[in-house]
Amino acid sequence: MMELTEGRNLRAHLRSNLEAPGYFERVAETMAQVVRALAYIHDRNVVHRDLKPGNILVTHVGRVKVMDFGIAFEIDGSHPSSRSRKLVGTLSYVSPEQATGRKVDARSDLYSLGIILYELLVGTKPFQGSSVSQMIYKHLHEIPKPPREINPRVPQQLSDLTVSLLGKGPHDRPYSAQQVLVNLETFLSGGQAPGHELFVSDIAPEKLPLSEPRFVGRAALIRKLRARLVRLELGKGSFVLIV
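Let me begin by describing the structure that accompanies this report. (Residues numbered from 1 in each chain as written. Predicted model: local features only at pLDDT ≥ 70, side-chain atom pairs only at ≥ 80, totals over all residues. Heavy atoms only, no water.)

## Description of the overall build of the protein
Each helix and strand in the protein was counted, giving ten helices and five strands. Across the 243 residues in the protein, those meeting the buried criterion constitute 43%. Of the contacts formed within the protein by residues at least 6 apart in sequence, a portion of 64% connects residues at least 24 apart. For the protein, the computed accessible surface area is about 12,600 Å², with 53% contributed by carbon and sulfur atoms. (Helix = DSSP H or I, 4+ residues; strand = E, 2+ residues; numbered from the N terminus. Buried < 20%, exposed > 50% of the residue type's maximum accessible area, 1.4 Å probe, protein only. Contact = heavy atoms within 4.5 Å. Areas by Shrake-Rupley, 256 points an atom, 1.4 Å probe, with all protein chains shown as cover.)

## Some remarks on the packing of helix 7 (residues 156-165) against helix 8 (residues 177-188)
At a minimum axis separation of 10 Å, helix 7 and helix 8 run at an interaxial angle of 170 degrees. With respect to each other, helix 7 and helix 8 are oriented roughly antiparallel. Here Q157, L158, L161 and L165 of helix 7 come into contact with helix 8, specifically with V180, N183, L184 and F187. Considering only residue class, the contact of helix 7 with helix 8 consists of six nonpolar, two polar and no charged. (Axes fitted to C-alpha atoms, helices over the stretch in contact; angles between N-to-C directions. Parallel < 35°, antiparallel > 145°, perpendicular 65-115°, else oblique. Nonpolar A, V, L, I, M, F, W, Y, C, P; charged D, E, K, R; others polar.)

## Structural notes on the packing of aromatic side chains
One pass over the structure, following the stated rule, counts one aromatic pair. Summarising the aromatic geometry, the rings of Y23 and F24 are spaced 5.3 Å apart at their centres and angled 70 degrees between planes, so their arrangement reads as edge-to-face. Residue placement shows R44 over the ring face of Y40; its charged tip is 3.6 Å from the ring centre. (Phe/Tyr/Trp six-rings, centres within 6.5 Å; stacked < 30°, edge-to-face > 60°. Lys NZ or Arg CZ within 6 Å of the ring centre and 35° of its normal.)

## A few points about the nonpolar core
Formed by 44 residues in total, the largest nonpolar core has its most connected members in M31, L113, I116, L121, V180 and L184. If you list the elements that add at least two residues to this core, you get helix 2 (23-43), strand 3 (56-59), strand 4 (64-66), helix 4 (106-122), helix 5 (132-141), helix 7 and helix 8. Other than its neighbours up to four places away in sequence, I116 contacts L10, M31, L51, K52, P53, I56 and Y93. (Core = buried A, V, L, I, M, F, W, Y, C linked by side-chain atoms within 4.5 Å.)

## Some details on the packing of helix 2 against helix 4
Two numbers describe how helix 2 lies on helix 4: the axes approach to 11 Å, and their chain directions differ by 165 degrees. As the angle between them shows, helix 2 and helix 4 are arranged roughly antiparallel. The interaxial crossing formed by helix 2 with helix 4 has right-handed handedness. The residues of helix 4 that touch helix 2, namely those facing Y23, F24, V27, M31, V34, V35, L38, I41 and H42, are A106, D109, L110, L113, I116, L117, L120 and L121. (Left-handed = near helix turned anticlockwise from the far one by under 90°.)

The quantities given are spatial measurements derived from coordinates; they are silent on function.
Dropping the structure here:
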């Protein structure tokens, strides 16, 4: 049984207000709700794998609901769908690793988030193709123009965030939804958004000491700690005790 919820999908909700003042702020506010939902499921080791505007509902009071977990799976290393030779998801929104049947993690959802954000900022998806093979090639190899180059009205912070989300490899993207949320909240508060380099670590997250095997079962705690460290870099103030 599912909750009966009235509203419009994300694309219809936002695109209907494209020319209205404050449109980009509304995009950031709405996407922040989406990211909070992703952070919630990622903290529970679940990957959605089919994130797209049609699976995001905005109620009449502006509350966001992420729906359709039909192909979601738990990241535990044993689920057969975490690595599949078949293409699952919606081709326009899947990550390069998902499109080619490689193992995916939470950063695959962040790539899909980047496609959605790009579409909301400029009005078109970053990749267009007439066949499955052409679309997969573009996901793997084509670098889209930054949104701000297409629409100069797009705030630089949102354009930079979109570019970082569309990194071709998982290690080229933000490593958590919490990190994306910090950027969106900074933009909405009028603060200086971090540069692209803050989002992409030179060291893969799984190689950091925080994710050594002795921390098995504490993935959610580790992600929260990383998010706090990012906030410190932004000067947003926190106290972190590491023992």
